[in-house]
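# Survey of secondary and tertiary structure
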Amino acid sequence: MRILVIGGNAAGLTAASRARRLDSSCSVTVLEASERIAYSICGLPFAISGEVSDFENLVIFTPERLRNERGIEALVNRRAVELVPGRKRVVAENTISGARESHLYDKLLIATGYRPRSLAVEGVKSRGVFTASRLGDGEAMLAWLSRRAAHRAVLVGGGYVGLEMAEALAVRGLHITLVEASDRVFPTLDFDMAKYVEEALLGNGVRVLTGRRVKQLTSNRDREVEAVELEPGSLRLPADIVFVDIGVLPEVDLAREAGIALGPTGAIAVSDQMETSASSIYAAGNCVETRHLVTGRPVSMPLGTVAAKQGRIAGENLVGRRSRFPGALGTTIVRVFGVAAARTGLGAEEARREGFSCLTSTVTGRFRAHYFDNGAPATVKVIAERGSGRLLGAQIVGSSEGAIRIDVAAAAISAGMSVRQASQLDLAYAPPVGALWNPLLVAMNQLMREL
């Protein structure tokens, strides 16, 4: 059986590897548009800062290793440009030579990922303006910084990557201004929790401007960026480098043009077995919708963890199993200047928009005994449905040791626990590593008094 995979990163390669492991007789070919496969784009900011010594350290597999160790043929610099489901054929273009080639398949997986949202303003094509969707983007940033005496950076967007890039460029000695269109940085958190992230930025010399949008970018005679102009108002921010992270869009052009159905979010609609509307064609990763485990509704959730799980399920189904992907909560964590911020499920604002009547509880506590290195303090917020007491979401901001306990809340929500049930979870305690009263449990006990 011929399995063809379009996309050589988290979802695509997880699926390819799983299929080959379960059925070594199948032929698996991966088409990847860029020059690398199997790399961690999430590590890019840390390679910029120097915390990771080299971009090549972010590469997990080369095509040669993938062929020799797993029997998978990975063809890089191959952009899929046409999909003909009726003939089970994909046409790919060699991005170096321009030559076109046809690939036949019995089963196909679309794992085309995402593309960064672009600023629809004048000057966005100036030299010195960057996004981050490939490792090559990070290498281009370092090359730009190395040949210019860059002192001032403007970051547009205060999401995960924008926050990490603020720290990365600050470590390199640049003066940072972060511009966010919403009323807070890290908008995936509730306002009262996001303020702790903003305090971390401000405390480390980052200028933060919220509620402002980019009006235009200006450049010099060599088309090198020199300033960012904002609105409302007429504020002009001098800039030697600009980094844009205002979200991503699912890469669905190939699927749409082939007649494959998209869902209400604009991503590819799939079943819980990762099947598309076209026979023998599956899809997984950042280009597809997933089911939100709290609301039950389809959402676009471009996260590597979700993509890898979907890829594993797709790989099993490609070789005849009947595995199902239940959905996800959007559990995430980010670290900026030593402060970690994590969330899972719905925030209070999201819950109300989704029609839930909810209650919240917020506590600040220590995730280790106070006599061990200040006890790893963090602030915890839990969200529950009024009446039923169903746990809807949680957010934690503070120490990394505290914030990573978001996984406990994610497990409880996935299991459909009420606050009362979750408050009785038997969590580990030893003074150096875990508090007698875990702040998550304290927050839930406090919330029960209001239910």
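Quick look at the structure, then. In this convention, every chain numbers its residues from 1, walking through the sequence in written order. Given that the model is predicted, a residue must reach a pLDDT of at least 70 before its local features are reported, and side-chain atom pairs must reach 80 or more before they are shown or counted; all residues, however, enter totals for whole chains, interfaces and linings. To obtain the side-chain values, all non-hydrogen atoms of the structure were used and water was disregarded.

Right, let's talk about the overall build of the protein for a bit. Only runs of H or I of at least four residues qualify as helices and only runs of E of at least two qualify as strands under DSSP, and these elements are numbered from the N terminus. When you go through the protein residue by residue, the secondary structure sums to 13 helices and 25 strands. Restricting the calculation to C-alpha atoms gives the radius of gyration, and the globule rule supplies 2.2 Å times the number of residues raised to the power 0.38. Here the protein has a C-alpha radius of gyration of 23 Å; the compact-globule value for 451 residues is 22 Å, and the two agree. Its C-alpha atoms give the protein principal-axis dimensions of about 65 × 60 × 40 Å. Relative accessibility decides the category of a residue: with a 1.4 Å probe and only protein chains considered, values under 20% of the type maximum give buried, values over 50% give exposed, and everything between is partly exposed. Within the protein, buried positions represent 52% of all 451 residues. It only takes one pair of heavy atoms within 4.5 Å for two residues to be counted as in contact. Sequence separation of at least 24 residues holds for 61% of the intrachain contacts in the protein that already meet a minimum separation of 6.

Right, let's get into the packing of aromatic side chains. When two rings of Phe, Tyr or Trp (its six-membered ring) have centres within 6.5 Å they constitute a pair, described as stacked for plane angles under 30 degrees, edge-to-face for angles over 60, and tilted for the intermediate range. Considering all chains together, one arrives at 3 aromatic pairs under this definition. Taking the centre distance of 6.4 Å and the plane angle of 65 degrees together, the rings of F130 and W144 count as edge-to-face. One end of the pair, F130, is in strand β9 (residues 129-130); the other, W144, is in helix α4 (residues 135-147), and 14 residues separate them in sequence. The class of F130 is buried, set by a relative accessible area of 13%.

Only strands that DSSP links by at least two bridges are regarded as paired with each other. Strand order in the open sheet formed by 5 strands is β9-β16-β10-β11-β12, and the pairing between neighbours is parallel. Looking along the sheet, the strands with just one partner apiece sit at the ends: β9 and β12 (207-210). In this sheet, strand β11 (residues 175-180) lies alongside strand β10 (residues 152-156) in parallel orientation, the contact comprising 5 bridges. Bridged to V154 within β11 is T177. Docked against the sheet, helix α5 (residues 160-171) engages β10, β11 and β16 (241-244), running at close to 170 degrees with respect to β11. Every axis in this analysis is a line fitted to C-alpha atoms, fitted for helices over the stretch in contact. Angles between the N-to-C directions lie between 0 and 180 degrees.

The end-to-end C-alpha distance of helix α8 (residues 304-318), which contains 15 residues, comes to 20 Å, matching closely the 21 Å that a straight helix rising 1.5 Å per residue would cover. Taken residue by residue, α8 has V306, A307, Q310, G311, I313, A314, G315, E316, N317 and L318 as its buried positions. Contact partners of the buried residues in α8: β1 (2-6), α1 (10-22), β7 (107-110), β18 (281-283) and β19 (289-291). Phi turns positive, to about 100 degrees, at G320, one or two residues after α8. Take the number of residues in a helix, subtract one, and multiply by 1.5 Å to get its expected span.

Attention now moves to the pattern of salt bridges. Salt bridges are identified by distance alone: a Lys or Arg side-chain nitrogen within 4 Å of an Asp or Glu carboxyl oxygen. Across all of its chains, the model carries 27 salt bridges by this definition. We note a salt bridge from E51 to R335, for which the minimum N-O separation is 2.9 Å. Separated by 284 residues along the polypeptide, E51 in the loop between α2 (44-49) and α3 (63-70) and R335 in strand β21 (residues 332-336) bring together distant segments of the chain. Overall, R335 belongs to the partly exposed group, its relative accessible area being 29%. Here E316 makes a salt bridge to R312, at a shortest N to O gap of 3.8 Å. Placement of both E316 and R312 in helix α8 is noted, with a separation of 4 residues, approximately one turn of the helix. Overlapping salt bridges, with partners in common, bring together R127, R148, R152, E224 and D240 in one network.

Here we take up unusual backbone geometry. P232 follows E231 through a cis peptide bond whose omega is -5 degrees. Structurally, P232 is set in the loop between β14 (225-231) and β15 (236-238). In the Ramachandran plot, S280 falls in the positive-phi region, its phi being about 70 degrees despite a non-glycine side chain. Here S280 lies in the loop between α7 (253-257) and β18.

Bringing a nonpolar patch on the surface into the picture now. A residue counts toward a patch only above 30% relative accessible area and without a salt bridge, and it is joined to like-charged neighbours within 9 Å or, for Val, Leu, Ile, Met, Phe, Trp and Tyr, to nonpolar neighbours within 5 Å. Here, Shrake-Rupley sampling with a 1.4 Å probe gives the accessible areas, and only protein chains in the shown set may cover a residue. Together, Y371, F372, Y429, L436, W437 and V442 give the surface a local cluster of nonpolar side chains, amounting to about 660 Å² of exposed area. With respect to the secondary-structure elements, W437 resides in the loop between α12 (419-422) and α13 (439-448). Since its relative accessible area comes to 52%, W437 is described here as exposed.

Our focus in this paragraph is the nonpolar core. Side chains of nonpolar character tend, in soluble globular proteins, to be buried together. Ranked by internal contacts, the top residues of the largest apolar core, which has 53 residues, are L83, V90, L108, L109, I110 and I268. Residue contacts for L83: discarding those within four places in its chain leaves R89, V90, Y105, L108, I110, L254, A258, I260 and I281. For the purposes of this section, nonpolar cores are sets of buried Ala, Val, Leu, Ile, Met, Phe, Trp, Tyr and Cys residues that join through side-chain atoms within 4.5 Å.

Glancing now at the environment of A278. For A278, the position within the fold is in the loop between α7 and β18. For the pair formed by A278 and G205, sequence separation is 73 residues and the distance between their alpha carbons is 52 Å.

Here the focus is the sheet that holds β7. Paired through their backbone hydrogen bonds, the strands of a sheet run either parallel or antiparallel. In space, the 5 strands of this open sheet follow the order β3-β2-β1-β7-β18, with parallel pairing throughout. Edge positions in the open sheet fall to β3 (73-75) and β18, since each of these has one partner strand only. Between one strand axis and the next, the sheet turns through 20 degrees on average, direction left out of account. Where β1 meets strand β2 (residues 27-31), 5 bridges bridge the pair, whose relative direction is parallel. Bridge assignment links I6 to a residue of β2, and that residue is L31. Taken strand by strand, α1 contacts β1, β2 and β7, and its axis lies near 170 degrees from that of β2.

Bringing α5 into the picture now. Given a rise of 1.5 Å per residue, 12 residues ought to cover 16 Å, and the 17 Å separating the end C-alpha atoms of α5 matches this to within 8%. Along α5, the positions that sit buried rather than exposed are G162, L163, E164, M165, A166, E167, A168 and L169. In the stretch just after α5, G173 is the one whose phi turns positive, near 95 degrees.

Our focus in this paragraph is the side chain of R343. Tracing the backbone shows R343 in strand β22 (residues 339-345). Here the side chain of R343 touches T188 through a polar contact of 3.0 Å, side chain to side chain. Polar contacts involving the side chain of R343 include one to the main-chain carbonyl oxygen of G345, which spans 3.0 Å. Setting aside anything within four residues of it in sequence, one finds R343 in contact with Y160, T188, L189, L329, G330, T331, T332, E350, A394, Q395 and I406. Counted as a polar contact is a pair of N or O atoms within 3.5 Å, where, for protein atoms, one must be capable of donating a hydrogen and the other of accepting one, and residues adjacent in sequence contribute only when both atoms are in side chains.

Attention shifts here to the environment of V336. Relative to the elements of secondary structure, V336 occurs in strand β21. Placed 235 residues apart in sequence, V336 and E101 show a C-alpha to C-alpha distance of 45 Å. Apart from residues lying up to four places away in sequence, V336 is in contact with L163, E167, V197, A200 and L201.

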